[in-house]
Amino acid sequence: MAAVYWLIAFVILVGIEAATMALTTIWFAGGALGAFFAALAGAEIEVQLAVFVVVSFLLLLFTRPFAARLLKSGRPETKTNVDSLIGKNAKVTEAVDNDLGTGAAVVSGQEWTARAYDGRSRFSTGETVVIRAVEGVKLMVSKSQD
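From a predicted model like this one, the values you see are computed outputs, not experimental measurements. (Residues numbered from 1 in each chain as written. Predicted model: local features only at pLDDT ≥ 70, side-chain atom pairs only at ≥ 80, totals over all residues. Heavy atoms only, no water.)

(A) Seen up close, the packing of helix α1 (residues 2–20) against helix α2 (residues 26–40). Where α1 meets α2, the closest approach of the two axes is 8 Å, and the angle between their N-to-C directions is 165°. When the axis of α1 is compared with that of α2, the two are roughly antiparallel. Handedness of the α1/α2 crossing: left-handed. The segment α1 lies against α2, with A2, A3, W6, L7, A9, F10, L13, V14 and E17 engaging I26, F28, A29, A32, L33, A35, F36, A39 and L40. Looking at side-chain class alone, the contact of α1 with α2 contains 17 nonpolar, no polar and one charged residues. (Axes fitted to C-alpha atoms, helices over the stretch in contact; angles between N-to-C directions. Helix = DSSP H or I, 4+ residues; strand = E, 2+ residues; numbered from the N terminus. Parallel < 35°, antiparallel > 145°, perpendicular 65-115°, else oblique. Left-handed = near helix turned anticlockwise from the far one by under 90°. Contact = heavy atoms within 4.5 Å. Nonpolar A, V, L, I, M, F, W, Y, C, P; charged D, E, K, R; others polar.)

Here's what the structure looks like:
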């Protein structure tokens, strides 16, 4: 009778994994399958539980890093939020001078505080610069290659 419960647990865990695709329950589904076979072989409930825990742990330990790497390699890495600004051109709206602590630039219709990436360069209003980094709410800019 315990084998039926392990089989039900297996189906439920696989269903959850299929619905979420988050690599969270598949390891326990493998453990439930191992416990199912232990139950079919006539093992006591304590042995079935031990098989469930050990198989789940081993699957998690040895296959999760490989599966995560495999799934990640299939997806192109997309820059999000401020990281997507790096490499874009911006137009200086207030002269950039790190010594005076001044500077602003507009990129994608938004105005940002701007500072020279190398700390020494100065840029005049109207110049086009390229964004090299974002530090907090400041664009770190350098001379545009255009």
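There's more to say after this.
(B) Here's a closer look at the packing of aromatic side chains. Scanning all chains against the criterion turns up three aromatic pairs. Note on W6 and F52: the rings are 5.3 Å apart at their centroids and 35° apart in plane angle, and the pair reads as tilted. With W6 in helix α1 and F52 in helix α3 (residues 45–73), this residue pair connects regions lying 46 residues apart in the sequence. Ring centres of F28 and F52 lie 6.5 Å apart, and the angle between their planes is 35°; on these two criteria the pair is classed as tilted. Remark: F52 occurs in helix α3 and F28 occurs in helix α2; sequence separation between them is 24 residues. Looking at F28, the relative accessible area reads 34%, which means it is partly exposed. Among the aromatic residues, ring-to-ring pairing joins W6, F28 and F52 into one connected group. (Phe/Tyr/Trp six-rings, centres within 6.5 Å; stacked < 30°, edge-to-face > 60°. Buried < 20%, exposed > 50% of the residue type's maximum accessible area, 1.4 Å probe, protein only.)

(C) Expanded view of α1. Between its first and last C-alpha atoms α1 spans 27 Å; for 19 residues at 1.5 Å apiece the expected length is 27 Å, and the two agree. Among the residues of α1, A3, W6, L13 and E17 are the ones counted as buried. For α1, the buried positions fall inside an angular range of 90° around the axis, keeping them on one side. More than 90 degrees from the buried face of α1, the exposed residues found are Y5, V11, A18 and A19. (Expected span 1.5 Å × (residues − 1). Arc of directions from axis to C-beta.)

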